[in-house]
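Secondary and tertiary structure notes
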Amino acid sequence: MNATDASNARNRDRRAPRLFVAQPLVRDGRPAPALTLEPQQSHYLANVLRLQEGARVLLFNGVDGEWSASVSALRRGAVTVTPQEQTRPQSRGPDLHYLFAPLKHARLDYMAQKATEMGASRLVPVITERTEARRVNLDRMLANAIEAAEQCGLLAVPEIAAGERLPAALARLEPERVLIFCDEEAPAGNPLETLAAIPRGTPLAVLVGPEGGFTDAERRLLAGMPKAARISLGPRILRADTAAVAALAVTQAAAGDWTGAPAQR
Ligand code: SAH
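Bear in mind the structure is a predicted one, so any value in this text is a computation, not a measurement.

1. A closer look at the overall build of the chain
Summing up its helical and strand segments, the chain has 8 helices and 14 strands in all. Over its C-alpha trace the chain gives a radius of gyration of 20 Å, about what one expects of a compact globule, namely 18 Å for 265 residues. The dimensions of the chain, computed from C-alpha atoms along their principal axes, are 60 × 40 × 30 Å. Residues classed as buried in the chain amount to 48% of the 265 residues present. Sequence-distant contacts in the chain: of pairs separated by 6 or more residues, those separated by 24 or more amount to 72%. Total accessible area on the chain stands at roughly 13600 Å², and carbon and sulfur atoms take up 51% of it. In the chain, the 32 positive side-chain charges and the 29 negative ones have mean positions that sit 2 Å from each other.

The following block contains the structure:
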């Protein structure tokens, strides 16, 4: 198995539960000693999955790759697991920020999960003029991102940025980052052609607006961005959570990690 194959989530063992942990998995170049899981994870392993001592789990922490570990003690509320061997080395995924106007509850949960599965490395709630859900529960967004990362075999959980207004969020983008701006008023055209012109390895940001759409002033602000690509997602108006998945899919296919280019390191 070469490094790219080893970092591919499709090669993982699907039977073992996968858990994100905040603790180191390597210490002084050796597997870290037994670590105690959070109460919720402990409950999940002990009471929901009813694992026994010696059962195998997979752990990742965003730094040390993925590790196979065995359940070493099952105490109520505190399961300990001992890392044994690395199953995948850490690799860097795409450098892809996902900027979005927050939605309400269930749709926001869905969006955070799907954006994570699609490979976004940073989730950035932006408050636009027509954004209705102005308060974002960042802890809940992180919990959704962790759950999605555990399930889809990611080696890291996307960063969650604090919500801010659109102009501030745009000003924060690094000059080299290309902003892919999804606009239902963009002239119809194949987004893959626009996206394929972006050189491989360019840091990207995808922006999807609120259910009420962008205002003209916001469109002018976006049009004035030095590195922006305005794309259409077809002739139908998509709901924002659908637009999220569609936009990230075309971006990954044309300019991201669906292109078969080796993972960035
Ligand atoms: N205000 C609009 C709908 C906005 S849809 C209306 O009701 O007419 C929410 C967001 O999804 C938009 O801001 C845009 O970013 C994205 N979106 C939806 N459909 C799209 C399409 N066909 N092309 C590009 N972006 C789209």
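2. Here's the deal with the UniProt feature "domain: Ribosomal RNA small subunit methyltransferase E PUA-like" (unreviewed entry) in the chain
On the UniProt side, "domain: Ribosomal RNA small subunit methyltransferase E PUA-like" (unreviewed entry) is annotated at positions that read residues 38-83 here. Annotation note: span residues 38-83, helix share 22%, strand share 46%, distance between end C-alpha atoms 16 Å.

3. Here's the deal with helix H2 (residues 39-48)
An α-helix turns once per 3.6 residues; consequently, residues spaced three or four apart project the same way. Where H2 is concerned, the buried positions are Gln41, Ser42 and Leu45. Projection of H2 onto a plane perpendicular to its axis shows the buried side chains occupying an angular sector of 100°, all on one side. Residues of H2 that are exposed and point over 90 degrees away from its buried face: Pro39 and Gln40. Check the buried side of H2 and you find it contacts strand E1 (18-20), strand E5 (56-60), strand E7 (78-88) and helix H4 (138-152). Arg50 sits one or two residues past H2 and shows a positive phi near 50°.

4. Brief notes about the nonpolar core
The biggest cluster of nonpolar side chains holds 36 residues, and the ones touching the most others in it are Tyr98, Leu123, Ile180 and Val206. Mapped by element, the contributors of at least two residues to this core are strand E8 (96-100), helix H3 (105-117), H4, strand E12 (178-182), strand E13 (204-208) and helix H8 (240-255). The dominant element in this core, judged by the number of residues it contributes, is H8, at 9 residues. Among residues more than four places away in sequence, those in contact with Val206 are Leu96, His97, Tyr98, Leu99, Ile180, Cys182, Ala247, Leu248 and Thr251.

5. Structural notes on the packing of aromatic side chains
Summed over all chains, the structure comprises 3 aromatic pairs. Both rings, one in Tyr98 and one in Phe100, keep their centres 5.2 Å apart while their planes meet at 10°; by these two values the pair is stacked. On the accessibility criterion, Tyr98 (0% relative accessible area) is buried. With a centroid separation of 5.4 Å and an interplanar angle of 80°, the aromatic rings of Phe181 and Phe214 are classed as edge-to-face. Separated by 33 residues along the polypeptide, Phe181 in strand E12 and Phe214 in the loop between E13 and helix H7 (216-223) bring together distant segments of the chain. Accessibility assignment for this pair places Phe181 and Phe214 in one class, buried.

6. Focus on the site of the ligand
Around the ligand, a shell composed of 18 residues is seen, among which Cys182, Leu233, Gly234, Arg236 and Leu238 lie nearest. Separating a nitrogen atom of the ligand from a backbone N or O atom of Asp183 is a distance of 3.4 Å. Protein contact buries 86% of the 550 Å² of open area that the ligand shows by itself. A breakdown of the residues in the shell around the ligand according to their chemical character gives 9 nonpolar, 5 polar and 4 charged.

Parameters and conventions
- Residues numbered from 1 in each chain as written.
- Predicted model: local features only at pLDDT ≥ 70, side-chain atom pairs only at ≥ 80, totals over all residues.
- Heavy atoms only, no water.
- Helix = DSSP H or I, 4+ residues; strand = E, 2+ residues; numbered from the N terminus.
- Rg over C-alpha atoms; globule rule 2.2 N^0.38 Å.
- Buried < 20%, exposed > 50% of the residue type's maximum accessible area, 1.4 Å probe, protein only.
- Contact = heavy atoms within 4.5 Å.
- Areas by Shrake-Rupley, 256 points an atom, 1.4 Å probe, with all protein chains shown as cover.
- Lys, Arg positive; Asp, Glu negative; His and termini not counted.
- Charge placed at Lys NZ, Arg CZ, Asp CG, Glu CD.
- UniProt positions renumbered as here; feature names shortened; annotations may be inferred.
- Arc of directions from axis to C-beta.
- Core = buried A, V, L, I, M, F, W, Y, C linked by side-chain atoms within 4.5 Å.
- Phe/Tyr/Trp six-rings, centres within 6.5 Å; stacked < 30°, edge-to-face > 60°.
- Near = heavy atom within 4 Å.
- Polar contact = N/O pair within 3.5 Å; in protein donor to acceptor, adjacent residues only side chain to side chain.
- Nonpolar A, V, L, I, M, F, W, Y, C, P; charged D, E, K, R; others polar.

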